[in-house]
Amino acid sequence: MRTASIIRIILLTGLAIIAASGQVFAETLADTTEPLALRKIMQDLGKNMQTIIDGISREDWELVEKIALQVADHPQPPLVEKVRILSFAGSNVSKFKGYDGKTHDAARVLAEVAAEKDGHGVILAFSELQNTCLACHESFRKSFQAHFYGQFK
Ligand code: HEC
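This structure is a prediction, so every number in the text was calculated from the model and none was measured.

S.K.: Is there a simple way to think about the coordination of the iron atom of the ligand in this case?
M.R.: Ideal geometry at a metal gives 109.5 degrees between four tetrahedral donors and either 90 or 180 degrees between six octahedral ones. Protein coordination at the iron atom of the ligand: the donors are Met42 (SD) and His137 (NE2), at 2.0 to 2.2 Å from the metal. By relative accessible area, which is 35% here, Met42 ends up partly exposed.

In structure tokens form, the structure reads like this:
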């Protein structure tokens, strides 16, 4: 084999390796910027809250009860993500879980009041529920986004 051919092969192999590692790097970067499953769960919670408001306007207490129960039993992120979130919360983990628990409880109360068709009670319970959402957002949203999304948010 001529020296020129050997050099060409070495160069091509080198280029292939560089291209492959670039690909790996790009994928790693994509992983870090991809939204967590929690964001989709939150977006669905946001939609649920809008549906509840619509139900209140129509005095459709069955709808309010049904959706409040969906909020109370909202899906959880996959286990691997849960571990990442809990490790992010670190020493504040019980605070984070506590906020989540308050949201679940408030949603359950809302469902109960809606079952009694108590309109004013529903509005009160709904605002209590909103307060539990806000409490966690005020405490954790900023640091959560900085931790998981950094400047890529
Ligand atoms: C235990 C903490 C916690 C509770 C309780 C909580 N959230 Fe969130 N929520 C978060 C965090 C953290 C984010 C930021 C997620 C992100 O940016 O990926 C967020 C973001 C959101 C967003 C924005 C999603 C987006 O597209 O940026 C919505 C909407 C939302 N939450 C709705 C709700 C509603 C409605 C409730 C109450 C029924 C609620 N959340 C309760 C932690 C919580």
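S.K.: Teacher, can you tell me more about the site of the ligand here?
M.R.: Taken together, 19 residues lie near the ligand, and Met42, Gln43, Cys133, Cys136 and His137 sit nearest. For the ligand, an oxygen atom lies 2.7 Å from a polar atom in the side chain of Gln145. Elements with a minimum of two residues in the shell around the ligand: helix 2 (37–57), helix 5 (93–115) and helix 6 (119–149).

S.K.: Help me out: how do you make sense of the packing of helix 5 against helix 6 in this one?
M.R.: When two helices pack together, their arrangement is given by the angle between the helix axes and the distance between those axes. The N-to-C vectors of helix 5 and helix 6 enclose an angle of 165°; their axes lie 9 Å apart at closest approach. Comparing their axes, helix 6 and helix 5 come out roughly antiparallel. Crossing of helix 5 against helix 6: the hand is left-handed. On the side of helix 5, the interface is formed by Lys95, Phe96, Tyr99, Lys102, Thr103, Ala106, Ala107, Val109, Leu110, Val113 and Ala114, while helix 6 contributes Gly121, Val122, Ala125, Phe126, Glu128, Leu129, Thr132, Cys133, Ala135, Cys136, Ser139 and Phe140.

S.K.: Honestly, the nonpolar core in this entry has me stumped. Any pointers?
M.R.: Nonpolar side chains in soluble globular proteins generally cluster together in the buried interior. Counting 20 residues, the largest nonpolar core has Ile52, Ile56, Val64, Leu110, Val122 and Leu129 as its most contacted members. If you list the elements that add at least two residues to this core, you get helix 2, helix 3 (61–72), helix 5 and helix 6. Contact partners of Leu110, with chain neighbours within four places excluded, come to Ile52, Val64, Ala68, Val122, Ala125, Phe126 and Leu129. In terms of nonpolar packing, the next biggest core, distinct from the first, is built from 12 residues, Phe88, Phe96, Phe144 and Tyr149 among them.

Calculation notes
Residues numbered from 1 in each chain as written. Predicted model: local features only at pLDDT ≥ 70, side-chain atom pairs only at ≥ 80, totals over all residues. Heavy atoms only, no water. Donors = N, O, S within 2.8 Å, 3.2 Å for Na, K, Ca; no water. Buried < 20%, exposed > 50% of the residue type's maximum accessible area, 1.4 Å probe, protein only. Near = heavy atom within 4 Å. Polar contact = N/O pair within 3.5 Å; in protein donor to acceptor, adjacent residues only side chain to side chain. Helix = DSSP H or I, 4+ residues; strand = E, 2+ residues; numbered from the N terminus. Axes fitted to C-alpha atoms, helices over the stretch in contact; angles between N-to-C directions. Parallel < 35°, antiparallel > 145°, perpendicular 65-115°, else oblique. Left-handed = near helix turned anticlockwise from the far one by under 90°. Contact = heavy atoms within 4.5 Å. Core = buried A, V, L, I, M, F, W, Y, C linked by side-chain atoms within 4.5 Å.

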